[in-house]
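In case you want the letters, here they are:
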Amino acid sequence: MDCQAQEIANVILVRVAGRIDHTTAKAFEDALLPLLDGCSGEGKKALLDLSGVVYMSSAGLRVLILAAKQCGKQYGEIVVAALQPLLQEVFRIGRLEMVFEVFKTVREGLEAISPAAAAAYDHPS
């Protein structure tokens with residue numbers, strides 16, 4: 001599991017890759033939650049790029065729920081983008097699209113939550 005963060009305008013873009021299961025969920029939690037500390041209102045929003053996640057167990061989903069709760073307590077916004085087909089199915093079955101707004105691409109997510117971040121984003125769609 002790898003977790004890399006990049007600030008783009010008022011958005012923290014967190015790219016997650018690899019497997020998130022019972023052996024890596026704690027490392028994922030320890031890497032992700034501190035990144036969301038300033039996620040509040042219009043000041044800072046969060047977008048999780050999950051395009052590199054090949055597998056996520058319920059332990060990983062728990063970390064995502066904790067992240068959503070943390071952002072909610074701070075009146076912040078967190079969205080996810082670029083889910084692989086397997087993870088799309090997990091989100092659908094777990095009804096996580098009721099917790100997270102899900103976007104097909106990182107660019108679509110940025111355009112929805114921060115036009116300034118979308119304009120500064122230098123990756124292809």
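Heads up: the structure comes first, above all this text.
Okay, so let's go over this structure. (Residues numbered from 1 in each chain as written. Predicted model: local features only at pLDDT ≥ 70, side-chain atom pairs only at ≥ 80, totals over all residues. Heavy atoms only, no water.)

A word on the overall build of the protein. What the protein contains, in helices and strands, is five helices and five strands. Put simply, the protein runs from its N terminus to its C terminus through helices and strands in the order β-β-α-β-α-β-α-β-α-α. In terms of C-alpha radius of gyration, the protein reaches 13 Å, essentially the compact-globule figure of 14 Å for 125 residues. For the protein, the C-alpha atoms occupy an extent of roughly 35 × 30 × 25 Å along the three principal directions. Of all 125 residues assigned to the protein, the portion counted as buried reaches 46%. Intrachain contacts of the protein at a sequence separation of at least 6 include 68% that bridge at least 24 residues. Carbon and sulfur atoms provide 54% of the accessible area of the protein, an area that totals close to 6300 Å². Across the protein, the centroid of the 12 positively charged side chains sits 5 Å from that of the 15 negatively charged ones. (Helix = DSSP H or I, 4+ residues; strand = E, 2+ residues; numbered from the N terminus. Rg over C-alpha atoms; globule rule 2.2 N^0.38 Å. Buried < 20%, exposed > 50% of the residue type's maximum accessible area, 1.4 Å probe, protein only. Contact = heavy atoms within 4.5 Å. Areas by Shrake-Rupley, 256 points an atom, 1.4 Å probe, with all protein chains shown as cover. Lys, Arg positive; Asp, Glu negative; His and termini not counted. Charge placed at Lys NZ, Arg CZ, Asp CG, Glu CD.)

A word on the nonpolar core. Of all hydrophobic cores here, the largest spans 29 residues; its most connected members are Leu36, Leu50, Leu64, Ile78 and Phe91. Secondary structure elements with two or more residues in this core: β2 (11-20), α1 (25-35), β3 (45-56), α2 (58-73), β4 (78-81) and α3 (85-93). Examining the composition of this core, we find that six residues originate from one element, α2, more than from any other. Discounting chain neighbours no more than four positions away, the residues touching Leu64 are Phe28, Leu48, Leu50, Met56, Phe91 and Phe100. (Core = buried A, V, L, I, M, F, W, Y, C linked by side-chain atoms within 4.5 Å.)

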